[in-house]
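Inside the fold
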Amino acid sequence: NGPHPDTRSTGAEWFDCWRAWNAEHGDVFDGIDIDYEGHDDAASPTSAFSSDIVEVVGDFCRAAKAAGFVVALAPAESYLDAA
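Rules used in this analysis
Per chain, residues are indexed from 1 in the order of the written sequence. In view of the model being predicted, local features appear only for residues whose pLDDT reaches at least 70, and side-chain atom pairs are presented and counted only at 80 or more, with totals across whole chains, interfaces and linings using the full set of residues. Excluding hydrogens and water, the side-chain values take into account all heavy atoms of the structure. Helix and strand labels come from DSSP, where a helix needs a run of H or I of at least four residues and a strand needs a run of E of at least two; each type is numbered from the N terminus. Under the scheme applied here, a residue whose accessible area is under 20% of the maximum for its type counts as buried, over 50% as exposed, and between as partly exposed, the area being computed with a 1.4 Å probe on protein chains only. In what follows, residue pairs with any heavy atoms lying within 4.5 Å of each other are defined as contacts. Per-residue and other accessible areas were derived by the Shrake-Rupley procedure at a 1.4 Å probe size, with only the shown protein chains allowed to occlude residues. In what follows, salt bridge is the name for a side-chain nitrogen of Lys or Arg lying within 4 Å of a carboxyl oxygen of Asp or Glu. Like charges are joined within 9 Å and nonpolar side chains (Val, Leu, Ile, Met, Phe, Trp, Tyr) within 5 Å, but only among residues with over 30% relative accessible area and no salt bridge; these make up the patches. We treat Lys and Arg as the positive residues and Asp and Glu as the negative residues; His and chain ends play no part in the count. For charged residues, the charge sits on one atom: NZ in Lys, CZ in Arg, CG in Asp, CD in Glu. Grid points spaced at 1 Å over the protein atoms alone were grouped into cavities, where a 1.4 Å probe fits but cannot get out, and pockets, open sets with protein on both sides within 12 Å along at least five of seven lines, with lining residues defined by an atom within 4 Å of a point. Grid points are joined across faces, edges and corners, and a volume is the space filled by probe spheres set on the points. In this count, Pro and Cys sit with the nonpolar residues alongside Ala, Val, Leu, Ile, Met, Phe, Trp and Tyr, while Asp, Glu, Lys and Arg are called charged and the others, Gly among them, polar.

Moving on, we get to the overall build of the chain. When its secondary structure is counted, the chain shows 2 helices and 2 strands. Across the chain, helices and strands are ordered from the amino to the carboxyl terminus as α-β-α-β. For the chain, the residues scored as buried account for 23% of the 83 residues in total. Long-range pairs, those at least 24 residues apart, make up 72% of the contacts in the chain between residues at least 6 apart in sequence. Counting only carbon and sulfur atoms, one obtains 55% of the accessible surface of the chain, whose full area is about 5,800 Å².

Let's shift gears to the pattern of salt bridges. One pass over the full model with this rule turns up 2 salt bridges. Between Arg-8 and Asp-6 there is a salt bridge, with its nearest N and O atoms 2.5 Å apart. Arg-8 gets classed as exposed once you look at its relative accessible area, which sits at 74%. Of the charged contacts, one joins Arg-62 and Asp-59 as a salt bridge, the two residues approaching to 2.4 Å between their closest N and O atoms. One end of the pair is Arg-62 and the other is Asp-59, both in helix 2 (residues 51-66) and 3 residues apart, which spans about a single turn. Assessed through its relative accessible area of 54%, Arg-62 is described here as exposed. On the accessibility criterion, Asp-59 (25% relative accessible area) is partly exposed.

Here we come to a negative patch on the surface. Taken together, the side chains of Asp-33, Asp-35, Glu-37, Asp-40 and Asp-41 present a region of like negative charge at the surface. Following the sequence through the fold, Glu-37 ends up in the loop between strand 1 (31-35) and helix 2.

Looking now at the environment of Arg-19. With respect to the helices, strands and loops of the structure, Arg-19 is situated in helix 1 (residues 11-24). Between the alpha carbons of Arg-19 and Ala-67 there is a distance of 9.5 Å; along the sequence they are 48 residues apart. Other than its neighbours up to four places away in sequence, Arg-19 contacts Ala-67 and Phe-69.

Let us now look at a nonpolar patch on the surface. A surface patch of nonpolar side chains, amounting to about 290 Å² of accessible area, comprises Trp-21, Val-28 and Phe-29. Note on placement: Val-28 falls in the loop between helix 1 and strand 1.

Turning next to the layout of surface pockets. Space inside the largest pocket adds up to approximately 440 Å³. Contributing to the lining of the largest pocket are 21 residues, with Pro-3, His-4, Pro-5, Ile-34 and Val-57 lying nearest its centre. Taken together, the elements giving at least two residues each to the lining of the largest pocket come down to helix 1, strand 1 and helix 2. A breakdown of the residues in the lining of the largest pocket according to their chemical character gives 13 nonpolar, 5 polar and 3 charged.

Right, let's talk about unusual backbone geometry for a bit. A positive phi angle, near 50°, is found at Asp-27, a position not held by glycine. Note on placement: Asp-27 falls in the loop between helix 1 and strand 1.

Structure (structure tokens):
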């Protein structure tokens, strides 16, 4: 339910930031798992994903993969709800 990344930075810039943080903390992560979940409240503005957000996430994932990190993407659980 947190805020989305700021789209004034590119996905590659976000990756560089994350990679530096990871290195400062002993390289505790071998990769990243992106879950498009949205917000618990469907009326919240963070329930929707703009094309800019999707582009930032995609660019982040490509940069991470190119740097040798594991990248996983999962659909929102609500997509799997048959009700």
